[in-house]
Amino acid sequence: MKTLLTITLQFITISLWAQTSIATLNQYFQEAKNGSYTTAPQGLFDQENDFDVLLLELEKYQSDSTARIRSKAYNLSSRFAQISREETVKQKAIDQQINALNDEDRGIAGNAIEAMTNFKNIVFTDSQKSRILNNLSAETPHFNDFVKLIGFLQIKSAIPKLKSLLVTKKSAVTRWNIRLALARMGDENAIDYISNRLQKAPINDAFAYDIVPGLVYTRQHTIFEFLVTQIQSDDANCSVANPYSNQKITCAYRIMEALPHAIEDFPIATDEFGELMIDDYEKALVDLRKWFNVNETYAFNNEMY
């Protein structure tokens, strides 16, 4: 009898908690509709919330006539999924982000692409990958980011279409991003093309900030060999962080900052956001160079974008 009472009380507590969080959510959106620009209440992000219920409640706001309200609803969907430990919650949120790809507001579609890169790719179902692939065309909004999402998700049935788009797309930047996506999926022609281009690439600030993230995204050892070569280089071709200084430093520091999330058992500690936790950059670079010398083979974290 005592056990039954305990279960009943727990059920009532959970039910009340769910009702409270739903009420908080609805109040937040009502205030937003009335013109408020306040951030979402912190209570909505409590680990104990029933995010399954909250995601269901968000659907009415995701179909609102106002783009700002829809944007907030899709954003909360993604945030709830990142907090929840439940795979079903994550998959429901992914379904909602896929719906957002077809929103008439291109900004919402772009945010959805970015949101999906924050999930591990193993969470996506085959059905969800098929729905994402259905959005691939020459006119897909935020095309460059979208094709890299496809590469990250390993939707290899997209490879023939991506290769045909290499011919029809005129932008060099777009063709580069298509090749990055193909390389992520193991296409040897794309890997060879990128590797060959790197041999002629000027190593400077533009390379470190604009090119390196895409190279890291590929998770291909042939491409990483080039990055490791630059890690070992003392050529001072990059600027220091101080905008008022003309001092130059090795670009190895910038490349080092881009690597942690891509390599399993990376030897330098990072925080929850994947940022390096170091006080002495010079020592960290020396340690990383030694690590690469000892670990000529290493594994990639392919589940993360």
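No experiment lies behind these values; they were computed from the predicted model shown.

## A short note on the pattern of salt bridges
A complete count under the given rule lists ten salt bridges for this structure. Between Asp-103 and Arg-70 there is a salt bridge, with the nearest N and O atoms lying 2.7 Å from each other. Residue Asp-103 is found in the loop between α4 (87–100) and α5 (106–116), and its partner Arg-70 is found in helix α3 (residues 67–83); the two are separated by 33 residues along the sequence. Glu-303 is paired through a salt bridge with Lys-120; the nearest N and O atoms lie 3.9 Å apart. Of this pair, Glu-303 sits in the segment after α14 (281–294) while Lys-120 sits in the loop between α5 and α6 (126–133), placing them 183 residues apart in sequence. Residue classification places Glu-303 among the partly exposed residues on the basis of a relative accessible area of 30%.

## Points about the nonpolar core
Ranked by internal contacts, the top residues of the largest apolar core, which has 93 residues, are Phe-80, Ile-132 and Leu-259. Apart from residues no more than four positions distant in its own chain, Ile-132 is found in contact with Ile-98, Met-116, Phe-124, Phe-146, Leu-149, Ile-150, Leu-153 and Ile-155.

## Comments concerning the side chain of Asn-49
Its place among the elements puts Asn-49 in the loop between α1 (2–33) and α2 (51–62). In this structure the side chain of Asn-49 is engaged in a polar contact, spanning 2.9 Å, whose partner is the backbone oxygen of Gly-43.

What counts and how
Residues numbered from 1 in each chain as written. Predicted model: local features only at pLDDT ≥ 70, side-chain atom pairs only at ≥ 80, totals over all residues. Heavy atoms only, no water. Salt bridge = Lys/Arg side-chain N within 4 Å of Asp/Glu carboxyl O. Helix = DSSP H or I, 4+ residues; strand = E, 2+ residues; numbered from the N terminus. Buried < 20%, exposed > 50% of the residue type's maximum accessible area, 1.4 Å probe, protein only. Core = buried A, V, L, I, M, F, W, Y, C linked by side-chain atoms within 4.5 Å. Contact = heavy atoms within 4.5 Å. Polar contact = N/O pair within 3.5 Å; in protein donor to acceptor, adjacent residues only side chain to side chain.

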